[in-house]
Amino acid sequence: NAGVMQNPRHLVRRRGQEARLRCSPMKGHSHVYWYRQLPEEGLKFMVYLQKENIIDESGMPKERFSAEFPKEGPSILRIQQVVRGDSAAYFCASSPAGTTGYNEQFFGPGTRLTVL
Amino acid sequence: DAKTTQPPSMDCAEGRAANLPCNHSTISGNEYVYWYRQIHSQGPQYIIHGLKNNETNEMASLIITEDRKSSTLILPHATLRDTAVYYCIVRPLDTGRRALTFGSGTRLQVQP
């Protein structure tokens, strides 16, 4: 059973470009979470999605950031007009549906975004 | 989620047991204790969780005091690959907010 997959693993963008990060949850998992880890800082929650729905985006910056989890295909975290402060590791996690078990989130290897 | 307090760093000799403490004096009756770890540059990894009874799995043991105000994660035979930041998280099993809140954790360095 493959784990959570993220791609690309490393992404370099120039200021002003768009960054698109992809996450494929574990098989059978319908809940996806995105977290960001700035250099030398802890993990911070960004957004929680179920298929086709954003459930909690309380950690998402109000501008330039968006996320989706379509019916088919991976979850996408999109950052428009990137700035140097967006340089970080972005981790995706997934958990199965249901009222229990979502505290056991399975994390992917992360995408390291570098903005030049 | 209840607040937790962990020492910022600990050392352990390879092959010895690593005992990582966590204080959670404001824990509520319906809150569980979860442990995750993050090995350098990798995504966090779930380790174990418990409510009030001691728990053991293939990775670790979790000892929760009788008053539930503190707990200890035990890695029985630490290896160099156990060097990581360990996070103690306290939260209800069933909560409307699914986001995990990671504190500063304990940086465990396993020495050869």
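Structure: see above.
Model, not experiment: these values are computed from the prediction. (Residues numbered from 1 in each chain as written. Chains lettered and ligands numbered in written order. Predicted model: local features only at pLDDT ≥ 70, side-chain atom pairs only at ≥ 80, totals over all residues. Heavy atoms only, no water.)

Draft legend 1. Quick look at the pairing of strand β11 (residues 111-115) of chain A. Residues and elements named next belong to chain A. With four of its five residues buried, β11 lies for the most part within the structure. Pairing analysis gives four bridges linking strand β2 (residues 10-13) to β11, with the strands arranged parallel. Bridging from a neighbouring strand, His10 pairs with Arg112 of β11. Pairing geometry for strand β9 (residues 88-96) and β11, over three bridges, is antiparallel. Bridge pairing in β11 links Ala88 to Leu113. (Buried < 20%, exposed > 50% of the residue type's maximum accessible area, 1.4 Å probe, protein only. Helix = DSSP H or I, 4+ residues; strand = E, 2+ residues; numbered from the N terminus. Pairing = 2+ DSSP bridges.)

Draft legend 2. Local environment of the interface of chain B and chain A. Opposite the 20 residues of chain B that make contact, chain A presents 21 residues. Regarding the contact of chain B and chain A, the summed buried area is about 1,800 Å², with carbon and sulfur atoms giving 50% of it. Considering only the surface of chain B that becomes buried against chain A, B:Pro44, B:Arg98 and B:Phe102 emerge as the three largest contributors, covering 33% of it. Taken together, the connections running from chain B to chain A amount to zero salt bridges. Between chain B and chain A we count four residue pairs in polar contact (both at pLDDT 80 or more) in total. Residue assignment for the side of chain B that touches chain A shows that the elements contributing at least two residues are β3 (31-38), β4 (45-50) and β8 (84-92) of chain B. Split by residue class, the side of chain B that touches chain A holds ten nonpolar, six polar and four charged. (Contact = heavy atoms within 4.5 Å. Buried area = accessible area lost by both parts, 1.4 Å probe. Salt bridge = Lys/Arg side-chain N within 4 Å of Asp/Glu carboxyl O. Polar contact = N/O pair within 3.5 Å; in protein donor to acceptor, adjacent residues only side chain to side chain. Nonpolar A, V, L, I, M, F, W, Y, C, P; charged D, E, K, R; others polar.)

Draft legend 3. Molecular detail of the pattern of salt bridges. Residues and elements named next belong to chain A. Counted according to the given criterion, the structure contains four salt bridges over all chains. Where Arg20 meets Glu18, a salt bridge forms, and the shortest distance between an N and an O atom there is 2.9 Å. According to the relative accessible area criterion, Arg20 is partly exposed, its value standing at 33%. Of the charged contacts, one joins Arg78 and Glu18 as a salt bridge, the two residues approaching to 3.8 Å between their closest N and O atoms.

Draft legend 4. Inspection of the state of the cysteines at higher detail. Residue and element names in this part refer to chain A. One pass over the full model with this rule turns up two disulfides over all chains. Cys23 shares a disulfide with Cys92; S-S distance 1.7 Å. Residues Cys23 and Cys92 are joined through a disulfide that is left-handed, its torsion about the S-S bond being -50°. Here the residue Cys23 occupies a position in strand β3 (residues 19-24), and Cys92 occupies one in strand β9, the gap between them amounting to 69 residues. (Disulfide = S-S within 2.5 Å.)

Draft legend 5. Representation of the packing of aromatic side chains within the structure. In total, this model carries ten aromatic pairs over all chains according to the counting rule given. Between A:Tyr35 and A:Phe45 the ring centres are 5.8 Å apart and the planes differ by 75°, which places this aromatic pair in the edge-to-face class. With A:Tyr35 in strand β4 (residues 29-37) and A:Phe45 in strand β5 (residues 43-50), the pair connects residues that are ten residues apart, well separated along the chain. Residue A:Tyr35 shares its accessibility class with A:Phe45, and that shared class is buried. Look at A:Phe107 and B:Phe102: their rings are 6.1 Å apart centre to centre, the planes differ by 75°, and that puts the pair in the edge-to-face class. Taken together, the positions of A:Phe107 in strand β10 (residues 106-107) and B:Phe102 in the loop between β8 and β9 (106-111) put the pair across two chains. Of the two residues, A:Phe107 and B:Phe102, neither departs from the other in class, the shared state being buried. (Phe/Tyr/Trp six-rings, centres within 6.5 Å; stacked < 30°, edge-to-face > 60°.)

Draft legend 6. Highlighting the nonpolar core. With 23 residues, the main nonpolar core has A:Trp34, A:Met46, A:Leu77 and A:Tyr90 as its most contacted residues. Going through the elements one at a time, β3, β4, β5, β7 (65-68), β8 (75-79), β9 and β11 of chain A are the ones with two or more residues in this core. When sequence neighbours within four positions are dropped, the list of residues in contact with A:Leu77 reads A:Ala19, A:Arg20, A:Leu21, A:Trp34, A:Met46, A:Met60, A:Ser66, A:Ala67 and A:Tyr90. Grouped together as the second largest cluster of nonpolar side chains are 21 residues, B:Ala18, B:Leu20, B:Val33 and B:Ala60 included. (Core = buried A, V, L, I, M, F, W, Y, C linked by side-chain atoms within 4.5 Å.)

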